Amino acid sequence: MNVLLPPGWPRPRGYANGVSARGRMVFVAGMIGWDAQGVFHTDDLAGQVRQALQNIVDVLAAGDARPEHIVRMTWYVTDKAAYVAAYPEIGRAFRELIGCYNAVMTAVEVSALVEDRAKVEIEVTAVVPD
């Protein structure tokens, strides 16, 4: 994966403005903060993010992919203020489960998610090198 940074642009913190990659693509549907059996263990946003990220890691592994193959993430959160307030905890979970790298990311506040208890939903595209 190559990070795309136009000349003169500052390097963004925690994500990339663009990436290019070649290989086999793996698409992960929106993962929410419940476990493999569909059970929520917390209503805490940071806790749900941790579980959603673990779900992503598990689905990637099923596709012979790893977190470092992620090139794009889209986050849907139901409460922007809570998301911003949880940055430190979310960052710790992200580094522990996903690692440190530069994927393209978008975060969007939405009024609700299909699962009523869900506070976050994250979808991922990964590219496994040839």
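Caption draft 1: The environment of V120, seen in detail. Along the chain, the position of V120 falls in strand 6 (residues 120-128). Ignoring any residue separated from it by four or fewer positions in sequence, one finds V120 in contact with M31, I32, G33, L45, Q48, V49, W75, Y76, V77 and L113.

Caption draft 2: Examining the pairing of strand 4 (residues 70-77) more closely. Along strand 4, six of the eight residues are buried, which leaves the element largely enclosed by surrounding structure. With six bridges joining them, strand 4 and strand 5 (residues 104-109) adopt parallel strand pairing. From the neighbouring strand, R72 faces strand 5, where its bridge partner is V104.

Caption draft 3: Inspection of the nonpolar core at higher detail. Residues L53, I56, I70, M73, W75 and I122 are the most contacted members of the largest nonpolar core, which totals 30 residues. Counting residues per element, this core draws most heavily on helix 1 (residues 45-62), which supplies eight residues. Every residue in contact with I122, bar those within four places of it in the chain, is listed here: A29, G30, M31, A52, L53, I56, M73, T74 and W75.

Caption draft 4: Representation of helix 1 in the model. Between its terminal C-alpha atoms helix 1 stretches 26 Å, which fits the 26 Å expected from 18 residues at 1.5 Å a residue. Listed as buried for helix 1 are L45, A46, Q48, V49, A52, L53, N55, I56, V57 and L60. A positive phi of about 55 degrees marks D64, the residue just after helix 1.

Caption draft 5: Representation of the packing of aromatic side chains. Applying the stated criterion to the full structure yields three aromatic pairs. Here the aromatic rings of W34 and F40 are separated by 5.5 Å at their centres, their planes lie at 50 degrees, and the arrangement is tilted. On the basis of relative accessible area, W34 is assigned to the partly exposed category, the value being 26%. Taking relative accessible area as the criterion, F40 reaches 12% and is therefore assigned buried. Each ring, one from W75 and one from Y83, has its centre 6.0 Å from the other, and the planes form 55 degrees; the classification is tilted. Neither residue differs from the other here; W75 and Y83 are each classed as buried. Taken together through their ring pairs, the aromatic side chains of W75, Y83 and Y87 make up a single cluster.

Caption draft 6: Representation of the packing of helix 1 against helix 3 (residues 87-97) within the structure. Packing of helix 1 against helix 3 brings their axes to within 9 Å, and their N-to-C directions diverge by 20 degrees. Here helix 1 is positioned roughly parallel relative to helix 3, judged by the angle of their axes. In this structure, helix 1 crosses over helix 3, and the sense of that crossing is right-handed. The residues of helix 3 that touch helix 1, namely those facing A46, V49, R50, L53, Q54 and V57, are E89, I90, R92, A93, F94, E96 and L97. Here the contact of helix 1 with helix 3 is built from residues that sort into eight nonpolar, one polar and four charged.

Caption draft 7: Main features of the pattern of salt bridges. Under the definition given, this model contains four salt bridges. Across the pair E96 and R50 runs a salt bridge, and its minimum N-O distance is 3.0 Å. Linking E96 in helix 3 with R50 in helix 1, this pair joins segments that are 46 residues apart in sequence. Since its relative accessible area comes to 55%, E96 is described here as exposed. Close ionic contact of R66 with E68 constitutes a salt bridge, the shortest N to O distance being 2.5 Å. What makes R66 partly exposed here is its relative accessible area of 45%.

What counts, and at which threshold
Residues numbered from 1 in each chain as written. Predicted model: local features only at pLDDT ≥ 70, side-chain atom pairs only at ≥ 80, totals over all residues. Heavy atoms only, no water. Helix = DSSP H or I, 4+ residues; strand = E, 2+ residues; numbered from the N terminus. Contact = heavy atoms within 4.5 Å. Buried < 20%, exposed > 50% of the residue type's maximum accessible area, 1.4 Å probe, protein only. Pairing = 2+ DSSP bridges. Core = buried A, V, L, I, M, F, W, Y, C linked by side-chain atoms within 4.5 Å. Expected span 1.5 Å × (residues − 1). Phe/Tyr/Trp six-rings, centres within 6.5 Å; stacked < 30°, edge-to-face > 60°. Axes fitted to C-alpha atoms, helices over the stretch in contact; angles between N-to-C directions. Parallel < 35°, antiparallel > 145°, perpendicular 65-115°, else oblique. Left-handed = near helix turned anticlockwise from the far one by under 90°. Nonpolar A, V, L, I, M, F, W, Y, C, P; charged D, E, K, R; others polar. Salt bridge = Lys/Arg side-chain N within 4 Å of Asp/Glu carboxyl O.

Interpretation in functional terms is not warranted from these geometric data alone.
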